[in-house]
Amino acid sequence: MIAAPINPSDINMIQGTYAVLADLPAVGGNEGVGQVVGVGSHVTSLKPGDLVIPADAGLGTWRTEATFSEENLLKMPPGIPLTCAATLGVNPCTAYRMLSDFETLKPGDSVIQNAANSGVGQAVIQIAAAKGIKTINVVRDRPDLQRLVERLKSLGADHVITEEMLRKPEAKDLFKKVPKPMLALNGVGGKSATELLRHLQHKGTMVTYGGMSKQPVTVPVSALIFKNVKLRGFWMTQWKRDNVQNKDKLRGMVADLCSLIHQGQLTAPTCQEVPLEDYQTALKDSMKPYISAKQILLM
Ligand SMILES: NC(=O)c1ccc[n+]([C@@H]2O[C@H](COP(=O)([O-])OP(=O)(O)OC[C@H]3O[C@@H](n4cnc5c(N)ncnc54)[C@H](OP(=O)(O)O)[C@@H]3O)[C@@H](O)[C@H]2O)c1
């Protein structure tokens, strides 16, 4: 292994609150990038020197060396920066699927999302921008908000607003500039999700993929009756399992994402690279609020 990020789901696995838990003793980490150093005699698709990422969750990537079966790995094309490869298999794939599988969006349409500065959020901004879809990005207020707003706009975000601003009546003015979204992406839950629903178009869909606030999603009755909104969930691990017989679908998505990386339209999330020896600091930092940087362990 060369590099592997610390994601919230890795922490949840350690805490024992995630939907899949490894048998102990186990190695943590679900994504990352490694380099093949040797292959068995029946391996046909990989050779020493290839850069690879896991094709599924649960392989345990916070380690220096591992033996994996060929079908559990995806080969990276040349020219993919290490931090991009290390963070490609979960968050950008989740963003890609959520933008494709729930509503038919065309250029000029809009999407609203919370946790817009998360790894998923940054990928949503960039993939949507590449498709000509406008994004309304909700973040939590913080002392250096302006810096964050500028950073997200440099990735292609059309609008960046705080949860508090979204609650004010003036927030309606935003929808004079962009069409009301048919798709809302919720990685937070609680009041933040309720706010997204308020701005969703009639018959629109809210996809919940994360619950960073640890609060349940509260849905106003009027959103269901008068707006007939659809509430859906998404889990990348399940999608990969559902498509395990059709690996071409996964490979096709990863190839599309790599082509965005080659064209400079998709970059790695803002990150902090930490030597593996300093994993304790990295784990602590990964759980701090407002840090806005993904911790990446360098082996
Ligand atoms: N369903 C799936 O397949 C799938 C796939 C990937 C990720 N996820 C989930 O998506 C979420 C984000 O993952 P990630 O790797 O993108 O995260 P990340 O890069 O570590 O970022 C965490 C995000 O959560 C926000 N946050 C933290 N605590 C919060 C709170 N109490 N209230 C509101 N926002 C809060 C942070 O905002 P601040 O900067 O304001 O702290 C930041 O935007 C996680 O819940 C993860 O498990 C799900």
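Refer to the preceding data block for the structure.
Bear in mind the structure is a predicted one, so any value in this text is a computation, not a measurement.

Bringing a nonpolar patch on the surface into the picture now. A surface patch of nonpolar side chains, about 520 Å² in accessible area, is lined by V221, L224, I225, F226 and L231. When residues in the nonpolar patch are grouped by element, the largest group, 3 residues, is from helix 9 (residues 221-225). Structurally, the position occupied by V221 is in helix 9. A relative accessible area of 57% means that V221 is categorised as exposed.

Here we take up the site of the ligand. Lining the immediate environment of the ligand, one finds 25 residues, of which N117, F234, M236, Y290 and K294 sit closest. At a separation of 2.9 Å, an oxygen atom of the ligand approaches a polar side-chain atom of R140. Within the backbone of Y209, one N or O atom sits 2.9 Å away from a nitrogen atom of the ligand. For the ligand, whose free accessible area comes to 920 Å², the fraction covered by protein is 85%. Those elements that place two or more of their residues in the shell around the ligand are helix 3 (91-101) and helix 4 (119-130). Here the shell around the ligand is composed, by residue class, of 12 nonpolar, 10 polar and 3 charged.

Time to look at helix 8 (residues 190-198). When you tally the buried positions in helix 8, you get 7 out of 9 residues, the bulk of the element. Of the residues making up helix 8, those classed as buried are G190, S192, A193, T194, E195, L196 and L197. Residues of helix 8 that are buried sit in contact with strand 5 (110-113), strand 6 (134-139), helix 6 (163-167), strand 8 (183-186), strand 9 (205-208) and strand 10 (230-233).

Looking now at the side chain of Q295. By the secondary structure assignment, Q295 is in strand 12 (residues 294-298). The class for Q295 is buried, based on a relative accessible area of 1%. Within the structure, the side chain of Q295 is placed 3.3 Å from the side chain of Q272, a separation counted as a polar contact.

A few words on the packing of helix 4 against helix 5 (residues 145-155). Packing of helix 4 against helix 5 leaves a shortest axis separation of 8 Å and a crossing angle of 40 degrees. Of the possible angle classes, the one that applies to helix 4 and helix 5 is oblique. Only R151, L152 and L155 of helix 5 make contact with helix 4, whose side of the interface consists of Q122, I125 and Q126.

Turning next to the packing of aromatic side chains. Counting across every chain of the model gives 2 aromatic pairs. Centroid distance Y18 to W235: 6.0 Å. Interplanar angle 75 degrees. Geometry classified as edge-to-face. Residue Y18 is found in the loop between helix 1 (8-15) and strand 2 (34-35), and its partner W235 is found in the loop between strand 10 and helix 10 (236-242); the two are separated by 217 residues along the sequence. Measuring from ring centre to ring centre gives 6.2 Å for F102 and F234, while their planes differ by 90 degrees; the resulting arrangement is edge-to-face. A residue pair is termed long-range when its members are at least 10 positions apart, and F102 in the loop between helix 3 and strand 5 and F234 in the loop between strand 10 and helix 10 qualify at 132 residues. The positively charged end of K180 is found above the aromatic ring belonging to F175, 5.5 Å away from the centroid.

To continue, consider the pairing of strand 3 (residues 51-54). As paired strands, strand 2 and strand 3 are joined by 2 bridges and run antiparallel to one another. For G34, the partnering residue across the bridge sits in strand 3 and is V52. Of the strand pairs in this sheet, strand 3 and strand 4 (residues 73-75) are connected by 3 bridges, and their pairing is antiparallel. Across the sheet, the residue bridging to P54 is L73, located in strand 4.

Moving on: the pattern of salt bridges. For the coordinates displayed, the defined rule picks out 10 salt bridges. Put simply, K106 and D109 hold a salt bridge, and the shortest N to O gap is 3.3 Å.

Strand order in the open sheet formed by 3 strands is 2-3-4, with antiparallel pairing between adjacent strands. In the strand order of this sheet, the two ends are held by strand 2 and strand 4, each with one partner.

Here we come to the nonpolar core. The biggest cluster of nonpolar side chains holds 44 residues, and the ones touching the most others in it are L88, L99, I127, L185 and L257. Those elements that place two or more of their residues in this core are helix 2 (82-86), helix 3, helix 4, strand 8, helix 10 and helix 11 (247-262). Among the elements that make up this core, the one with the highest residue count is helix 11 (7 residues). Taken domain by domain, this core gets at least three of its residues from each of domain 1 (3-87 + 268-298) and domain 2 (92-236). What L99 contacts, discounting residues up to four positions off in sequence, is L105, V111, V124, I127, A128, L183 and L185.

About the thresholds
Residues numbered from 1 in each chain as written. Predicted model: local features only at pLDDT ≥ 70, side-chain atom pairs only at ≥ 80, totals over all residues. Heavy atoms only, no water. Patch = residues over 30% accessible without salt bridge, like charges linked within 9 Å, V, L, I, M, F, W, Y side chains within 5 Å. Areas by Shrake-Rupley, 256 points an atom, 1.4 Å probe, with all protein chains shown as cover. Salt bridge = Lys/Arg side-chain N within 4 Å of Asp/Glu carboxyl O. Helix = DSSP H or I, 4+ residues; strand = E, 2+ residues; numbered from the N terminus. Buried < 20%, exposed > 50% of the residue type's maximum accessible area, 1.4 Å probe, protein only. Near = heavy atom within 4 Å. Polar contact = N/O pair within 3.5 Å; in protein donor to acceptor, adjacent residues only side chain to side chain. Nonpolar A, V, L, I, M, F, W, Y, C, P; charged D, E, K, R; others polar. Contact = heavy atoms within 4.5 Å. Axes fitted to C-alpha atoms, helices over the stretch in contact; angles between N-to-C directions. Parallel < 35°, antiparallel > 145°, perpendicular 65-115°, else oblique. Phe/Tyr/Trp six-rings, centres within 6.5 Å; stacked < 30°, edge-to-face > 60°. Lys NZ or Arg CZ within 6 Å of the ring centre and 35° of its normal. Pairing = 2+ DSSP bridges. Core = buried A, V, L, I, M, F, W, Y, C linked by side-chain atoms within 4.5 Å. Domains from an automatic or database assignment.

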